[in-house]
Amino acid sequence: MCTVCGCGTASVEGEKHEHKHSHSHGHAHEHGGHEHTHDHDHAHGHSHDHDHDQGHHHHDHDHTHSHDYGAGLAGVHVPGLSQDRIVQIERDILGKNNSYANANRVAFAQKGVLALNFVSSPGSGKTSLLVRTIADLKDKFSIAVIEGDQQTSNDAERIRATGAKALQVNTGKGCHLDAHMVGHALENLDVADNSLLFIENVGNLVCPAAFDLGEAHKVVLLSTTEGEDKPAKYPDMFAAADLMILNKSDLLPHLDFDVGACLAHALRVNPRLQTLVVSARTGEGLSSFYAWIEARAALARKG
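Owing to the predicted nature of the structure, the values given are computational and were not obtained by experimental measurement.

Caption draft 1: Representation of the sheet that holds strand β5 (residues 143-149). Within the open sheet, the eight strands sit side by side as β1-β6-β5-β7-β4-β8-β9-β10. Their pairing is mixed. Whereas interior strands pair on both sides, the edge strands pair on one side only; in this sheet they are β1 (11-12) and β10 (274-277). Bridge count for β1 against strand β6 (residues 165-170) is two bridges, and the pairing is antiparallel. Directly across from S11, in β6, lies its bridge partner N170. Sheet contacts for helix α2 (residues 126-137): β4 (114-119), β5, β7 (196-200), β8 (217-223) and β9 (243-247); angle to β7, the most-contacted strand, approximately 165°.

Here's what the structure looks like:
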């Protein structure tokens, strides 16, 4: 296991069977001026005999990485690994993930499911938004949730309190969900035809940007208690998203937060990004979010 990137074993809540899948992946890290290369071979369980490669790029340890995934780690020299090899590792990791994501996407299409991947930094209010959304939409839609966290099932328990089905995936030291984890979770979660599937990713604005889960849309949450320049600091996530929700608008009178500047940063990164300003606590702006969901669910619905 790489203790810096945190690649490891994910556990799906309530599983009774043993998993065995093999990982083979390599990581290149820089720590305080020292460069390390990690090559791992893991064998752990999946009765499905899946090969599963997971990989992570540089994280917030003064690392430099390319924002063009598959184009190599810009400016990084790793002893023992050529730039061509680094590029190949990236492509292998993301290529394997994309094959699982495509399978998930086909499964969603066959069932008429609208799958949304909610991404944000910790504390943005993802779970509160989902709880409020489920409560307001549960009479219109069957809703299921996959909860991704490193540890605990606290968020899944909050979701289940609404009456919705929820399955917790604990990633251990892993910093994001990947398409294989989601596909495996779907084997243990009964997702109805013509329903909504909300995937709450691990709180992290870096790694989840690169990993397609098979979702129809990434929805990135930012809160007014965070920096308004977050889209400029973490452009990959905002570039990958189709909708940005600025949450906790009820706190704006008490904060020095420039909404216009925040939205301008986001639109410079991604001119096609749709944006909403909401409060999951008071409900402000949520009717527009629900209309956005309903329009896309109608497109996803089979038959």
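Caption draft 2: Looking closely at the side chain of N97. Inspection of the secondary structure assignment puts N97 in helix α1 (residues 83-111). Within the local environment of N97, its side chain forms a polar contact with the backbone oxygen of D212, the two atoms lying 2.9 Å apart. Look past the residues within four positions of N97 in its chain and what remains in contact with it is D178, A179, F211 and D212.

Caption draft 3: Focus on the packing of aromatic side chains. Per the counting criterion, the structure on display carries four aromatic pairs. Note on F289 and Y290: the rings are 6.1 Å apart at their centroids and 40° apart in plane angle, and the pair reads as tilted. For the pair F289 and Y290, a shared accessibility class is recorded, and that class is buried. Between F289 and W292, the ring centres sit 6.4 Å apart and the planes meet at 20°, which makes this aromatic pair stacked.

Cut-off values and rules
The residue numbering used here restarts from 1 in each chain and proceeds along that chain's sequence as written. Totals for whole chains, interfaces and linings use all residues, but because this is a predicted model, local features are given only for residues with pLDDT of at least 70 and pairs of side-chain atoms are given and counted only at 80 or more. In computing side-chain properties, one takes all heavy atoms of the structure into account and sets aside hydrogens as well as water. The pairing criterion is simple: DSSP has to find at least two bridges between the two strands. Helix numbers and strand numbers start at the N terminus; a helix is a DSSP run of H or I with at least 4 residues, a strand a run of E with at least 2. Residue contacts follow a heavy-atom distance rule, with two residues in contact if any of their heavy atoms lie within 4.5 Å. Between the N-to-C directions of two axes lies an angle of 0 to 180 degrees, each axis being a line fitted to C-alpha atoms and, for a helix, fitted only over the stretch in contact. Pairs of N or O atoms within 3.5 Å make up the polar contacts considered here, provided that, within protein, one atom can donate a hydrogen while the other can accept it, and that residues adjacent in sequence are counted only when both atoms are side-chain atoms. Classification of ring pairs rests on two measures: the distance between centres of Phe, Tyr or Trp rings, Trp counted by its six-membered ring, which must be within 6.5 Å, and the angle between planes, read as stacked under 30 degrees, edge-to-face over 60 and tilted in between. Buried, partly exposed and exposed residues are distinguished by accessible area as a fraction of the type maximum, computed with a 1.4 Å probe on protein chains only: under 20%, between the cut-offs, and over 50%, respectively.

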